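Each chain, written out:
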Amino acid sequence: MLVDCLILPRTSTHATDLRGYATADAWKMNATLALLFRQTSSLKSTMKFSTAPLALLALAAPITTSAWSTAAIRSVRTVPATILHGYSTATSGESATESFRLSFNEGDATISPWHDIPLKGGAEGTYNAVIEIPKMTKAKMEVATKEPNNPIAQDVKKGKLRDYHGPIFWNYGCLPQTWENPHEEHPELKCFGDDDPIDVVEIGSKALAMGTVAEVKPLGVLAMIDDGELDWKVIAIATDDDLAKEYNDIDDVPDAVKDGIREWFRWYKTPDDKPLNGFGFDEKWLDAKNANEVIEETHEAWKKLRSGEIEAGKLWTGKN
């Protein structure tokens, strides 16, 4: 997918309505995302851009159903049983309905991608990431933490399947055997965990299929505050991606990528009349060392959840 950009004068600095991406601030955000998608997809471009005082309007060229339509997104979500790092996946139910599930198996046994896939990867300093949402898709898929064996399903809000209003530009998923504890207050940020496995944003050049178990190297972490809850976002790179040789810490990641991820997560709920999301630590990305510490903290919380030391409530842990 190639992206054309049109440079326009900034006409508004306060408009926040993202429906149709019609305002200057929305254009600027969308253009940032388009530019970083070029970069992470290893696309070559000879165009050069000046930043202030211009805002950039990103236009998909040509505008067809291939990148944005529901039909295109649904075709991506159909994943046959495939061997993935020793695990297999299988689908049940109809795609793009509440019945759809992608389950995980090891041999003949059904397993939980949250509890049974190990956190640590095969190499030192790496982790396994379970991909829920492939790059450039819109369906809000997630590990169903309250269902037996925790299959991947599409999130439902107020009786409706949940989709992003535009595609996500990276592979998105979670790290198994982690948990953001909703009963523990962060000492600096003064908010509690969101009751889910920790999220991971994989910024490699390839789109990874839903259900892929990818070995990743963490590069940094962002403390997102969503509706008063702490929702960490780990930025990582698949170890088999060409960029993994270049990216070892947060300063190695281009600013366009880091800024694009932060702004995408800041704005993505606003078309539903939700407020902008905020970020702790002055909105800065913390480095790989801090990312590893956060991951290990959430792993320790998961151990307490799984052992029964912390009450699971409605969560399915395989022990309750």
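Residues numbered from 1 in each chain as written. Predicted model: local features only at pLDDT ≥ 70, side-chain atom pairs only at ≥ 80, totals over all residues. Heavy atoms only, no water.

Tallying secondary structure elements over the protein gives 5 helices and 17 strands in all. Looking at the protein residue by residue over its 320 residues, the buried ones come to 52%. Summed over all atoms, the accessible surface of the protein reaches about 15100 Å², with 51% contributed by carbon and sulfur. (Helix = DSSP H or I, 4+ residues; strand = E, 2+ residues; numbered from the N terminus. Buried < 20%, exposed > 50% of the residue type's maximum accessible area, 1.4 Å probe, protein only. Areas by Shrake-Rupley, 256 points an atom, 1.4 Å probe, with all protein chains shown as cover.)

With that settled, consider the side chain of Lys269. Of note, Lys269 is situated in the loop between helix H4 (255-267) and strand S17 (278-279). A polar contact of 2.7 Å, which involves the side chain of Lys269, links it to the side chain of Asp226. The residues contacting Lys269, other than those within four sequence positions of it, are Arg162, Asp226, Lys274 and Asn277. (Polar contact = N/O pair within 3.5 Å; in protein donor to acceptor, adjacent residues only side chain to side chain. Contact = heavy atoms within 4.5 Å.)

An α-helical turn contains 3.6 residues, so any two residues separated by three or four positions project in the same direction. The terminal C-alpha atoms of H4, which comprises 13 residues, lie 18 Å apart, in line with the 18 Å expected from a rise of 1.5 Å per residue. Along H4, the residues that are buried comprise Val257, Lys258, Gly260, Ile261, Arg262, Glu263, Trp264, Phe265, Arg266 and Trp267. (Expected span 1.5 Å × (residues − 1).)

Attention now goes to the packing of aromatic side chains. One pass over the full model with this rule turns up 9 aromatic pairs. Seen from their ring centres, Phe265 and Tyr268 are 5.8 Å apart, and the 85° between their planes marks the pair as edge-to-face. Tyr268 shares its class with Phe265; the two are buried. The rings of Tyr164, Phe169, Trp170, Tyr172, Trp264, Phe265 and Tyr268 are connected pair by pair, giving a single aromatic cluster. (Phe/Tyr/Trp six-rings, centres within 6.5 Å; stacked < 30°, edge-to-face > 60°.)

Another point: the pattern of salt bridges. Summed over all chains, the structure comprises 15 salt bridges. Where Asp255 meets Lys258, a salt bridge forms, and the shortest distance between an N and an O atom there is 3.4 Å. Placement of the pair is Asp255 and Lys258 together in helix H4, with a separation of 3 residues, close to one helical turn. For Lys258, a relative accessible area of 10% corresponds to the buried category. Residues joined by salt bridges that share partners form a network here, namely Asp259, Arg262, Glu263, Arg266 and Glu283. (Salt bridge = Lys/Arg side-chain N within 4 Å of Asp/Glu carboxyl O.)

The pairing of strand S4 (residues 87-92) with strand S5 (residues 101-106) spans 5 bridges and is antiparallel. Across the sheet, Thr91 pairs through a bridge with Leu102, a residue of S5. Bridge analysis of S5 against strand S6 (residues 109-111) gives 3 bridges, and the strand direction is antiparallel. Residue pairing across strands places Glu106 opposite Ala109, the latter belonging to S6. Where S5 folds back onto S6 in an antiparallel hairpin, the turn is made up of 2 residues, including Gly107, whose phi is positive at roughly 65°. (Pairing = 2+ DSSP bridges.)

The backbone of Met136 shows a phi angle near 65°, a positive value even though the residue is not glycine. Summarising the element assignment, Met136 is placed in the loop between strand S7 (127-133) and strand S8 (141-143). The buried category is assigned to Met136, whose relative accessible area is 15%. Here Glu283, not a glycine, exhibits a phi torsion of approximately 65°, which is positive.

A contiguous patch of negative charge on the surface is contributed by Asp242, Glu246, Asp251 and Asp252. Its place among the elements puts Glu246 in the loop between strand S16 (229-238) and H4. (Patch = residues over 30% accessible without salt bridge, like charges linked within 9 Å, V, L, I, M, F, W, Y side chains within 5 Å. Lys, Arg positive; Asp, Glu negative; His and termini not counted. Charge placed at Lys NZ, Arg CZ, Asp CG, Glu CD.)

Among the surface-exposed residues, Lys146, Lys157, Lys158, Lys274 and Lys314 lie close enough to one another that they form a single positively charged patch. Judged by its relative accessible area of 45%, Lys274 is partly exposed.

Let us look at the nonpolar core. Among the nonpolar cores identified, the biggest contains 48 residues, and Trp170, Ile203, Ile261 and Phe265 are the most heavily contacted of them. For this core, the elements supplying multiple residues, two or more each, are S5, S7, S8, strand S12 (171-174), strand S15 (213-226), S16, H4 and helix H5 (288-307). Within the second largest apolar cluster, 22 residues are counted, among which are Leu208, Val221, Trp232 and Ile295. (Core = buried A, V, L, I, M, F, W, Y, C linked by side-chain atoms within 4.5 Å.)

For S16, a buried count of 9 out of 10 residues is recorded, marking the element as mostly surrounded by other parts of the structure. Bridge count for strand S13 (residues 192-193) against S16 is 2 bridges, and the pairing is parallel. Bridged to Gly193 within S16 is Leu230. Looking at chain direction, strand S14 (residues 199-202) and S16 are connected through 4 bridges and run parallel. Counted as the bridge partner of Val201 is Ile235 from S16. Connecting S15 to the next strand, S16, in antiparallel fashion are 2 residues, including Asp227 with a positive phi near 55°.

Right, let's get into the side chain of Asn128. Residue position: Asn128 is located in strand S7. By relative accessible area, which is 10% here, Asn128 ends up buried. Aside from chain neighbours lying at most four places away, what touches Asn128 is Ile117, Pro118, Leu119, Lys120, Gly121, Cys174, Leu175, Pro176, Val213, Ala214 and Glu215.

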